[in-house]
Amino acid sequence: MSTEVTFDPFSEEALTDPGKVYGDLRAACPFHHHPAGGGQPEFYVLSDHAEIKDDILKGNPVWSFRFGNAAKDSISDVGFKTDGAFHAAFRMVVQRGLTPAAVRDYRPVIEAIVDERIDAMLALPEGQCDFYDLFALPLPARMMCRMLGAPEADYLDYKRWSDTLQFLTFGDPEPGSYETVLKEIYPHFSALIDQRRAMLAEAGIEEPDLSHLGTVLPDDFMSRALVSTVEGRRLTQQEILNICLGFLTGGQETTTNLLGHLMRRLLEVPERWERLKAEPELIDNAVEESLRFDPPVLAHFRTSLEPTTMHGHDIPEHAKLMFSICGANRDPAVFDSPDEFRIDRPVPEARQHLSFGSGVHLCLGAPVARLEAKIMLEKLIQRMPDIRLLGLGERVRTWLYWGHAGLDVAWN
C-alpha cells in the first residue's frame, strides 16, 4: 500500500475512462488506501483479481454486506443485505426460479421485445435514433417487469425509481433522501403483493407453495417470494419487498449498460461489426469481452466486522473496502493484453471477469442479462446489418456505474 499513488474515482479522467484509471491503480498499487476528503469517507481499494475472487467473494466472514454497498453506511439485515448461511438460503428463493431451463424459456419473450424495438427503430423515417432510449433501456426494464410480475406499462417509472435509488446509494444526498423514495416505492409493491394474497384467500389456500405458481398465482418472482420459505418460515413483508427492490435496481441498469457498451465497442471500430456479421459464432465472445472490458458496475463495497490485516497493513473494525471489478478485469495475470478489446478473446478466458461477481454474491440475473445481449446481437445482425455509430450521450450520473445515457446510431 503506497502513499505516493493517487486515485480519485470522482476525477474527470476516472469518470471518462475508468478502465485505464482503475487498471493503472491495480498495476501500481493493488491495495490502496483512499483517505477521507472532498466530502467522501475513508476507504480501501483492492484490485487484485485472485484475492477478490478467492477471498472476498468466497464469503470471507470478516467482510460484511450488511452495511451497504457504498462507502457510506446503509445498515440493514434484511434479505440480500445479509451474510453467511442466511444469505445463501435467501438467495435460493430467487435462484430456484432461474434454472437453465427457466432461463431458456425467456428466449421467446426476449425475442418478441427485441423484434418490437427493432420494428420501432426501422419505422423512423430519418433512419437514426438514440439506441439507449429505444432499445438498451426498454429491453431490460420490460424484462424486469415480466420476471417480477410488475405492470410492464410502468417500466419508465421503475427505471426512474431505480436510477434515483442508485444515485442516492452512491452519491451524497441529504439525510433521509433514500427513505423518502422508498415511501413512494414500497406502497406500490405492497399493493401488488396484497393482490396476490387476495388470490390465495379467494382460492381458500392458507399454506401456499410453489405448485400454486402458474395456477392460482401468476408465475413470477413476486408470487414466488410470497409462497417460498427460508429456514423453515415464510418470508416477511420486508423480505418480499427486498426481492422487489433487488429486481428493480439489479435487473435494469447493469443490463442496460451492458447492451450500450456492447454496441458502442462493436460499432466504434466498424471492422469489429463486420467481423461479427461474418462470424456470428463470435457473439458469445463479444458479450463476455464487453463485460470484461466495460464492467457495468465498476466496484462494490464491503465493511469489516473486526480488525484484520491486509497486505501487511492493519485494518480497523468497520473499515470500508472497495473491491475494484474494473481493475481486476484488467489483470494481466488472468487476461492476455487486458487493455485491448478483442472480439475473439476465448470465452473461457473472457468469462474470468468479475463483472457479475463470484461465489456467494454471484449475480442471480447474469444468465438472463447474457441472453438479452446475445439475442440483441442475433437480431441486429439479421435485421439491421448496416447499423453504425454516430456518437455517445452523457455518462450515467452514478459514479460507480459505468455507462452512457445515450447512444446515437443510424442505419440508412
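In what follows, the accompanying structure is described. Note that the structure is a prediction, hence the values are computed from the model and not measured. (Residues numbered from 1 in each chain as written. Predicted model: local features only at pLDDT ≥ 70, side-chain atom pairs only at ≥ 80, totals over all residues. Heavy atoms only, no water.)

**Some words on the overall build of the protein chain**
Each helix and strand in the protein chain was counted, giving 18 helices and 12 strands. Computed over C-alpha atoms, the radius of gyration of the protein chain comes to 21 Å, within 12% of the 22 Å expected from 2.2 N^0.38 for 412 residues, which places it in the range of a compact globule. Counting only C-alpha atoms, the protein chain reaches 70 × 60 × 40 Å along its principal axes. When burial is assessed residue by residue, the protein chain has 54% of its 412 residues classed as buried. If you take every contact in the protein chain between residues at least 6 apart in sequence, the share linking residues at least 24 apart comes to 69%. As displayed, the protein chain has an accessible area near 17100 Å², and 52% of this comes from carbon and sulfur atoms. Side chains of the protein chain give 41 positive and 63 negative charges; the mean places of these two sets differ by 3 Å. (Helix = DSSP H or I, 4+ residues; strand = E, 2+ residues; numbered from the N terminus. Rg over C-alpha atoms; globule rule 2.2 N^0.38 Å. Buried < 20%, exposed > 50% of the residue type's maximum accessible area, 1.4 Å probe, protein only. Contact = heavy atoms within 4.5 Å. Areas by Shrake-Rupley, 256 points an atom, 1.4 Å probe, with all protein chains shown as cover. Lys, Arg positive; Asp, Glu negative; His and termini not counted. Charge placed at Lys NZ, Arg CZ, Asp CG, Glu CD.)

**With respect to unusual backbone geometry**
With glycine set apart, most residues show a phi of negative sign, and most peptide bonds adopt trans. A positive phi angle, near 50 degrees, is found at Glu231, a position not held by glycine. By the secondary structure assignment, Glu231 is in the loop between strand 5 (229-230) and strand 6 (233-234). With relative accessibility at 57%, the residue Glu231 sits in the exposed group. Phi at His318 takes a positive value of approximately 65 degrees, unusual for a residue other than glycine. Residue His318 is classed as partly exposed on the basis of its relative accessible area, which comes to 35%.

**A short note on the environment of Ser190**
Inspection of the secondary structure puts Ser190 in helix 10 (residues 177-202). With residues up to four places along the chain from it excluded, the contact list for Ser190 reads Gln237 and Leu241.

**Things to note about the sheet that holds strand 2 (residues 43-46)**
Read across the open sheet, the 5 strands follow the order 1-2-10-7-3; overall the sheet is mixed. Every interior strand has two partners, whereas the edge strands, strand 1 (31-34) and strand 3 (63-64), have only one. (Pairing = 2+ DSSP bridges.)

**A short note on the side chain of Arg264**
Its location among the elements puts Arg264 in helix 13 (residues 253-268). In this structure Arg264 comes out as buried when scored by relative accessible area, which is 15%.

**Focus on helix 14 (residues 270-278)**
Among the residues of helix 14, Arg272, Trp273 and Leu276 are the ones counted as buried. For helix 14, the buried positions fall inside an angular range of 95 degrees around the axis, keeping them on one side. Exposed residues on helix 14 whose side chains face more than 90 degrees from its buried face are Glu271 and Ala278. Residues of helix 14 that are buried sit in contact with helix 13, helix 15 (283-293) and helix 18 (366-383). (Arc of directions from axis to C-beta.)

**Examining the sheet that holds strand 12 (residues 404-410)**
Paired through their backbone hydrogen bonds, the strands of a sheet run either parallel or antiparallel. The 3 strands are arranged 4-12-11 in an open sheet whose pairing can be described as antiparallel. The open sheet has two edge strands, strand 4 (128-130) and strand 11 (388-395), and neither has a second partner. Going across the sheet, the axis of each strand differs from the next one's by a mean of 10 degrees, ignoring polarity. (Axes fitted to C-alpha atoms, helices over the stretch in contact; angles between N-to-C directions.)

**A look at the packing of aromatic side chains**
Overall, the coordinates contain 11 aromatic pairs when judged by the stated rule. Measuring from ring centre to ring centre gives 5.7 Å for Phe31 and Tyr44, while their planes differ by 5 degrees; the resulting arrangement is stacked. Here Phe31, found in strand 1, pairs with Tyr44, found in strand 2; they are 13 residues apart in sequence, far enough to count as distant. Using a relative accessible area of 8% as the deciding quantity, one classes Tyr44 as buried. Both rings, one in Tyr158 and one in Phe189, keep their centres 5.8 Å apart while their planes meet at 15 degrees; by these two values the pair is stacked. (Phe/Tyr/Trp six-rings, centres within 6.5 Å; stacked < 30°, edge-to-face > 60°.)

**A few points about the environment of Ser358**
The topology assignment puts Ser358 in the loop between helix 17 (347-350) and helix 18. The spatial distance from the C-alpha of Ser358 to the C-alpha of Val297 is 14 Å, given a sequence separation of 61 residues. Excluding residues within four positions of it along the chain, Ser358 makes contact with Lys53 and Leu57.

**A few points about the nonpolar core**
In this structure, Phe131, Phe189, Met263, Trp273, Leu276 and Leu377 are the most contacted members of the largest nonpolar core, which totals 86 residues. In terms of residue count, the dominant contributor to this core is helix 18 (10 residues). Among residues more than four places away in sequence, those in contact with Leu377 are Leu262, Met263, Leu266, Trp273, Leu276, Ile283 and Val287. Among the nonpolar cores identified, the runner-up in size contains 17 residues, and Ala14, Tyr22, Trp399 and Trp402 belong to it. (Core = buried A, V, L, I, M, F, W, Y, C linked by side-chain atoms within 4.5 Å.)

So, to be careful, I would describe these as geometric facts and stop short of saying anything about function.
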